[in-house]
Every structure is written in structure tokens, then in C-alpha cells.
Amino acid sequence: MRLRRIYLPILSAQLPGFALGGLQTLASAADQDVLRYVNPLIGSNSGGNVFSGASLPYGMAKAVADVDGQNTSGFSTDGSNVTGFSTLHDSGTGGNPSLGNFPLFPQYCSEDVFDNCNFPKAARAAHYVNESIVARPGYFALSLENGIHVEMTTTEHAALYRFNFPPATSVNSTELSPMILLDLTDLWRSRQNASISVDNQTGTIRAIGTFLPSFGSGTYMSYACADFAGASIRDSGIWVNNRGGTEPKELFVTRGFNNFYLEAGGFVRFQRPGNGTVNVRVGVSYINTDEACRNSRREVPFPLDDFEDIRSHAECAWRDKLSPISIQSGGASEDLQTSFWSGVYRTMLDPQDLTGENPLWKSDEPYFDSFYCIWDSFRAQHPFLTIVDPEAQSRMVRSLLDTYKHEGWLPDCRMSHCKGWTQGGSNADVVITDAYVKNLTGIDWDLAYEAMVNDAENEPLEWSYEGRGGLQSWKRLNYIPYLDFDYLGFGTNSRSISRTLEYSYNDFCLSTVAKGLQKEDYTKYRSRAGNWQNIYKTDQTSFINDTDTGFVGFFQPKHLNGTWGYQDPIACSALTSWCSLTSNPSETFESSVWEYQFYVPHDMATLIDLLGGPDAFVSRLDFFHTSGLADMGNEPVFLTVYQYHYAGRPALSAHRVHSYIPSLFNTSTSGLPGNDDSGAMGAFTVFSMMGLFPNPGQDVYLIIPPFFESVSVTHPTTNKTATIRNVNFDAKYNNIYIQSATLNGRPYKKSWIGHDFFTQGMTLELTLGDTESNWGRGGGDLPPSLSKHSG
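Remember, it's a predicted structure, so these values are computed and weren't measured experimentally.

Caption draft 1: Main features of the overall build of the protein chain. Check the secondary structure of the protein chain and you find 18 helices and 36 strands. Taken over the C-alpha trace, the protein chain has a radius of gyration of 27 Å; the compact-globule value for 791 residues is 28 Å, and the two agree within 12%. C-alpha extents for the protein chain along the principal axes are approximately 90 × 65 × 55 Å. Pairs at least 24 residues apart make up 69% of the contacts formed inside the protein chain by residues separated by at least 6 positions. Accessible area of the protein chain: about 26,700 Å², with a carbon and sulfur share of 48%. In the protein chain, the 57 positive side-chain charges and the 84 negative ones have mean positions that sit 3 Å from each other.

Caption draft 2: Region of the structure containing the domain arrangement of the protein chain. Per the domain assignment, the segments of the protein chain are domain 1 (40-320) and domain 2 (354-468). Relative to domain 2, the C-alpha centre of domain 1 lies at a distance of 32 Å. Taken together, the contact between domain 1 and domain 2 spans 23 residues of the former and 23 residues of the latter. Of the roughly 1,600 Å² buried between domain 1 and domain 2, counting both surfaces, carbon and sulfur atoms make up 62%. Among the residues domain 1 hides against domain 2, the three largest losses belong to Tyr58, Phe215 and Tyr286. Together they make up 42% of the total. In this structure, the connection of domain 1 to domain 2 is made through 0 salt bridges. At the boundary of domain 1 and domain 2, one finds 9 residue pairs in polar contact (both at pLDDT 80 or more). Secondary-structure elements contributing two or more residues to the side of domain 1 that touches domain 2 are strand 21 (277-285) and helix 2 (289-299).

Caption draft 3: How the structure looks around the pattern of salt bridges. Scanning the entire structure with this criterion turns up 33 salt bridges. In this structure, Asp350 engages Lys62 in a salt bridge whose closest nitrogen and oxygen atoms are separated by 4.0 Å. Taken together, the residues span a long stretch of sequence, with Asp350 in the loop between helix 4 (334-346) and strand 23 (352-353) and Lys62 in the loop between strand 2 (22-23) and strand 3 (64-67) at a distance of 288 residues. The residue Arg234 makes a salt bridge to Asp112 at a minimum N-O spacing of 2.8 Å. Here Arg234, found in strand 15 (residues 232-240), pairs with Asp112, found in the loop between strand 5 (104-108) and helix 1 (121-124); they are 122 residues apart in sequence, far enough to count as distant. On the accessibility criterion, Asp112 (13% relative accessible area) is buried. Within the structure, one salt-bridge network assembled from shared partners comprises Asp33, Arg136, Arg311, Glu315 and Arg319.

Caption draft 4: Local environment of the packing of helix 9 (residues 445-457) against helix 11 (residues 496-516). Running from N to C, helix 9 and helix 11 point in directions that differ by 145°, and their axes come no closer than 10 Å. The handedness of the crossing between helix 9 and helix 11 comes out as left-handed. Residue-level inspection shows Tyr449, Met452, Val453 and Ala456 of helix 9 in contact with helix 11, the latter providing Asp507, Cys509, Leu510, Val513 and Ala514. Among the residues forming the contact of helix 9 with helix 11, the class breakdown is 8 nonpolar, no polar and 1 charged.

Caption draft 5: Representation of the state of the cysteines. Counting across every chain of the model gives 4 disulfides. Note that Cys225 is cross-linked by a disulfide to Cys293, the S-S spacing being 2.1 Å. The S-S bond linking Cys225 to Cys293 shows a torsion near 95°; that makes this disulfide right-handed. Here Cys225 is found in strand 14 (residues 220-229), whereas its partner Cys293 is found in helix 2, with 68 residues between them in sequence. Like Cys293, Cys225 is buried. Cys373 shares a disulfide with Cys413; S-S distance 1.7 Å. Across the S-S bond of Cys373 and Cys413 the torsion is about -50°, and the bridge reads as left-handed. Linking Cys373 in the loop between strand 24 (368-369) and helix 5 (374-377) with Cys413 in the loop between helix 7 (390-407) and strand 25 (414-415), this pair joins segments that are 40 residues apart in sequence. Cys413 matches Cys373 in its accessibility class, with the two residues each being buried. Cysteine pairing for the protein chain (bonded cysteines numbered in sequence order): 1-2, 3-4, 5-6, 7-8.

The rules behind the values
- Think of each chain on its own: its residues are numbered from 1, step by step along the sequence as written.
- It should be noted that, the model being predicted, local features are given only for residues of pLDDT at least 70 and side-chain atom pairs only at 80 or more, the latter also being counted only at that level, while totals for whole chains, interfaces and linings use all residues.
- In computing side-chain properties, one takes all heavy atoms of the structure into account and sets aside hydrogens as well as water.
- In this text, helices come from DSSP runs of H or I with a minimum length of four residues, and strands from runs of E with a minimum of two, each type numbered from the N-terminal end.
- It is over C-alpha atoms that the radius of gyration is taken, and the globule rule equals 2.2 Å times the number of residues to the power 0.38.
- What makes two residues a contact is simply this: any of their non-hydrogen atoms within 4.5 Å.
- Here the accessible surface of atoms and residues is derived via Shrake-Rupley with a 1.4 Å probe, and residues count as covered only by protein chains that are part of the display.
- Charged residues are defined narrowly, with Lys and Arg counted positive, Asp and Glu counted negative, and His plus the chain ends left uncounted.
- Where a charge sits is defined by one atom per residue type, namely NZ (Lys), CZ (Arg), CG (Asp) or CD (Glu).
- Throughout, the edges of the domains are those of an automatic or database domain assignment.
- Here the buried area means the combined drop in accessible surface, using a 1.4 Å probe, for two parts upon being joined, counting both sides.
- In the sections that follow, a salt bridge refers to a side-chain nitrogen of Lys or Arg positioned within 4 Å of a carboxyl oxygen of Asp or Glu.
- Polar contacts, as used here, are pairs of N or O atoms within 3.5 Å; protein pairs need one atom able to donate a hydrogen and one able to accept it. Residues neighboring in sequence count only if both atoms are side-chain atoms.
- Here the term buried applies to any residue with accessible area under 20% of the maximum for its type, exposed to any over 50%, and partly exposed to those in between, with areas from a 1.4 Å probe on protein chains only.
- Lines are fitted to the C-alpha atoms to define the axes, a helix being fitted only along its stretch in contact, and any angle between axes, read from their N-to-C directions, falls within 0 to 180 degrees.
- Handedness of each helix crossing follows the sense of rotation of the near helix against the far helix: counterclockwise by less than a right angle gives left-handed, clockwise gives right-handed.
- Three residue categories are used. Nonpolar comprises Ala, Val, Leu, Ile, Met, Phe, Trp, Tyr, Cys and Pro, charged comprises Asp, Glu, Lys and Arg, and polar comprises the others, including Gly.
- Only a pair of cysteine sulfur atoms within 2.5 Å qualifies as a disulfide here.

Spelled out as C-alpha cells, the structure:
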């Protein structure tokens, strides 16, 4: 059946895209279209690694130009060269470039001589015209400096490209033939082997390849089916390295020998059509090439006619996903509104819904991939989806549990159907607990509890990519030792501090679910949740450039025999060197002791007492955020921005947020302080500007004034609308401190609120002023903690 045409009051061609040069002139009728505030190019430079191309929400097909510069997610506005246009990508990931399989590349061959065609990446690379870039939800376009213009849009499992070739002739006035090649490679050049076939009559190209995941173990296979419309075929064939031929029509290629990477693929040359445009329909699959072809033909039945329909459908899908939220700007700048809506958009690019595209097992449950990685996303992204798209979040949790059923472990990171490296604890436990305390439906909670207990009690042989390591010491010594003797399993024997802290919170989350399900082991896991205290060294000092910071007492590594090791508290901070699994591994992961000293999200009262009480804690938190120690480009810092709440100083959380937005989170192409991590940075931005920030795994949102006059969220399940409204709001942000609050018209003094605010559709009204008040500072107003302050 032909794809149904969707006609909107505003044609998609009239709606503006974001060009590198700025926002195009807006048609007055489009002023209220929320998509005008979504700029996919935010964070496309300086390490934001965002995916800037065309995609549906959680879509598998993600089409964009691939460049030879910052290409972790395909495209970057770093001024590098385009090497192809491909249909599989991830968004905001770290590590090696991800996916980018089977790129297409258009060109004219010099003098129309086949031997003059440029096949290898380095030879064919062409710079793009900066001002030509247009990026908006469901659409991406740019022009190459050679005059070829490329547009693309996507369905769930397919992309439709329009390549427009300008008129061109050879030296003897012969019109040149457009050529489009397909390359059997990926962004990382990780291909292990691949094959290709070109149909002599239709030009249809089928490609199969085996590749490596960019941050995990094993291999995966992907498949593509590309066919062409709008032009007559002149010839076709295959190419290897810098030569090609019209015979044969099939090819199998391995990786190559040592460092010699074989470049190979297929091509089709055309008689240039009168309008210069060749459409290419590309279906992708992880099952087989037949499925890739079925995906393309089912979702793009008429490649010459469907482009605008598909683009309009994608825009409608994004409007629908963004529709639960509305704001009254109150004069807030368009830049701030763009930061907000673009952040919402990026939370829904990954994980990808690959239901029906899982080659590993058959199941009636949903299958999501590109959890990249949960260590990053559990802190804000998944809690945000719980509010605005609870059905999708419930399906993601079910997917995690189905992975446990079929592979034996909850993933901590997963991409391309492969197991990703575990960064810290078993943080799928936090995602599950967050769903539990916020009453997501459709989830088998007994299975969830079983999976979480498996993480806590059973050590896998390879805990580098699943479960937890060091469980024997964890249970016997109540901490993870420095240089642990662990013969039960194998992983990177580092991160003893951060793993101790994360395991403590993982076990707290398990205890929460156990208590809710009335399991007898509730008290055991609640006791383990206090293990973090065993690596706190009361007399540890910290120096910066040989100057004493004046703060005493930090977490430190501890040996098996109970004696202390040492890690400089500022090591691995923003002031020193980067620490990861592969680069300078240490006892904290991608973060310093200074930063990890605040990671006790379940028992802030005890932590604050250990650090000298509320005033001393505030002083320490201020120093952390003003000394350069805080790394706003990485997710462990997120909650620290709001932890003033736990010391009875919520006004200081509001002040701290405004010191980072918009200075570090803004609308420029360098507008993220670090890797977006599949929308984690976007979620931090959105929550901060909404005025509520989660403590994930707990039914707690910490309150600050929103960046707008009001923000409303209509819960997709209950259809109730929750509103956070500022009184005395000013768009210059002098009034950023809450003086008083009402909830549904009644005085409200707590500095936090629960999830029923959203499900029941409450109204929180905040009266603002320009100085700190006593609101939220009383002992009974503080967010909940496992213990109470001693004072």
C-alpha cells in the first residue's frame, strides 16, 4: 500500500531549518511550530558528538553526511571533508566512531573517464559549503563545494536520499555521467569482512558486512539494500582501492593485511537526468539483505514521489513526541528556548527501537539497542523519558529485562547487538528502580528483582562487559579493594573507589525494590548500601599546585588488608589528566575523588555529617564548582549542581545552574561542554530549565525556578497536566531565588517533590526574588535521605 500523504496547514518545505549561518527567516504562520526551536547542530563541534542528521524518534535509520574530522556520530561542523552519506549512526557517543556503515558518495569522474573516478575515502573526500547546511528533525541537507547538493530523510528502517548533480561537461563538451558509489566500510574502518552484489539490470546494490562495536566486545553484522530512481543507468560494477570495473558484479573482501585496510565497494553510473536529480532508497537491517530490501520497499514504496511525504511524516512524529510539553516563555530569549527544545529532541534519538531487528534471539518483547551507556543516561535521560514518554521508557526497561533473560545479565552498556564495556556499577539497576518508584506499567517486577539480585550476588566470568566484579570482597570486606584478588571473574582491575560508591547505590536501589515487593533480603541490601563509608579516610588532605585546599577527609583506595593506598584527590579532574578504562586507568572512573566524594545520592545526610556539617559541605561544594575541579562535560557532575538542596540551601543550586546555562550549554555548534552521551547532556539542560531535577532511583525531584514563566507537562498516560509557574519572573534572571511556594494553592515549603506531581497534574507556583530566602531550608523541608543529620 502506498505511503499515505499527510497534508499540513504549513507545508514542510516552508518550515525553516537550522543552517550553520543562523535561523532562517520564519514564516509568520510557523511561529508557533515547536520544531522551529529544535537545532540538531547544537554540539556538532568541539566534542559534543551529536547526531545532526535525519531520524525518527528512537529510529534505527539515521541518515547524515560522514566527515573525516570529528565523526563519532557521522557529521561535524568542524570544517572537515565529507567522505560519504550513510544510514546507521548513534548519537553523542564516546569512544571510537560508531556505525556509519555502507556510505554512499556522489561524484563526476574527471573528463568522464572511469579510471579518473575517486574511490578511496581520502581521494574522494570533498569539503561542504558551510552556509548550505540545513538540519531539522527528520531532514538534513548540504552542498559539496563541487556543486553536488544532497538531501535526506528517513523512515524507521530506511533512508531516502536526493543527489542533485549540477550540469557538467568534459573538455570535449561531452556531458559527464553522475556516479554514486557504495563503500564496504564504516566510520571506524572496523570492517572484518564484507560482500557486495550489483544487479546488472536495475543497479540495486546489496551489501553485507561484519564490524566491531565502537565501545564493546564481539562483532555484529549489518545489511544494506540500495536502489536508484530518476535516471537511466549507464554502467555498474565493483571497485577495490583506487580502481574499478564493470565486471564482475560481486565481491567479497576481508579486512586486509596488518595495517593495510582494503577499501572496496560497488558503483552505478547514470545518464544525467534533465533535473539533475538521482534518488537513492536505502534499506538497512541487522537480519539479512532480503529484510533490508523489504524495509526499503515497504517504507519507501515510491522513491521518486515520497520524499516530502516522508519528511512531513517525520516532522509529525517529532511534534507528537514533543507535544506533552509546553512553555510560556515570559520573554526568555529564543536562544534559551532553542536550547530547551533541542535538549528534549536529543533525548529521543537513542536508545534505538530495534524491535524486529534482533538477530540474536526471538521474543515478543521489545528490543532496544544503543544504551550508550547507562552509566551516563541513568542520571537524567531515562528519568526524563519516564515523565514525557513513559510508554517508551517502560518498553526500554522490558528490553533490558529480556536481554537478561536471553543473555544472563542486565547490560550496563550495549550497542550494535554487542555487549558494551561496564564503566562502574550495574546501573541498569538504577533505571529499573527509577521505573519502579515512579510506577511505570507493563513491567514484570519479579523478573526485574531476579535480574537485580543476579547483579548483586553472582559474579560473571567477564565482568568487563556485564555484572559486577569483586563480589567476594564486596561481601566479605564491604568495599572493593585496591588491587583486589579476584579469581572468580576478570575485568579491568581499577576503579576501586568509584565501584565501591556505585555498588553501594546499586544495592540501595535493590533494597528499595525488595522492600516494595516484600522480599526478605531487603535489610541485607540496605546494609550494603552503607559500604561507601568504609573507604572514607578522615585525615586525607588535598593540594592544588602545592597549595592546601583546606579541606580534610576524602575517599581513598584501600588494600585487601585494610591499609590505605593513595590517589591524589584532584587526579582525573578537569585540572589534570583524563582517566578512562583504556587511558590512564585509576581508582575513579572518568572523574576525580573530589567529584566522587559527592556520590552518595541515597544518604546525603550522613555524607554531609562526615564532611563537617551543612556549612562545611556548602563550602566544599562551592570550592569544587569554582576551582576548576568540576567537569561539566561528564555526567557524574550533574547531581552535584543540585546537592546544595541537601544542606538546606536550594537557592545556591539555582545560582549554580545559572552559572552553567547558558555559558556552557547554549545554541552554538560548540554549545555542549562535553560528549552528549545519547542525550544525557540534553536531559540535564531540559531538567534544569524546567526547574525540577531528579535523584534517579528515588521518587525525588529537586526544585529550582524554571528558566521560563511557566512550564507544563501533560502526562501521556493520565492526561493530567502539571505546571510549574514563576511569579515575579524576569527574563534577565535577577529573580532566581524562591521566596515562597504553593502546591495546588496551598503553601509548600519542601525543596523537592515526588513523581505524582506529574501523574496527578499538580500546579506548583513559585514566588521569586533576587535574594536567598528561608524557603526550603528547614529540617523537614530537605529531600529524603537514608539517615537524618546528626545536628
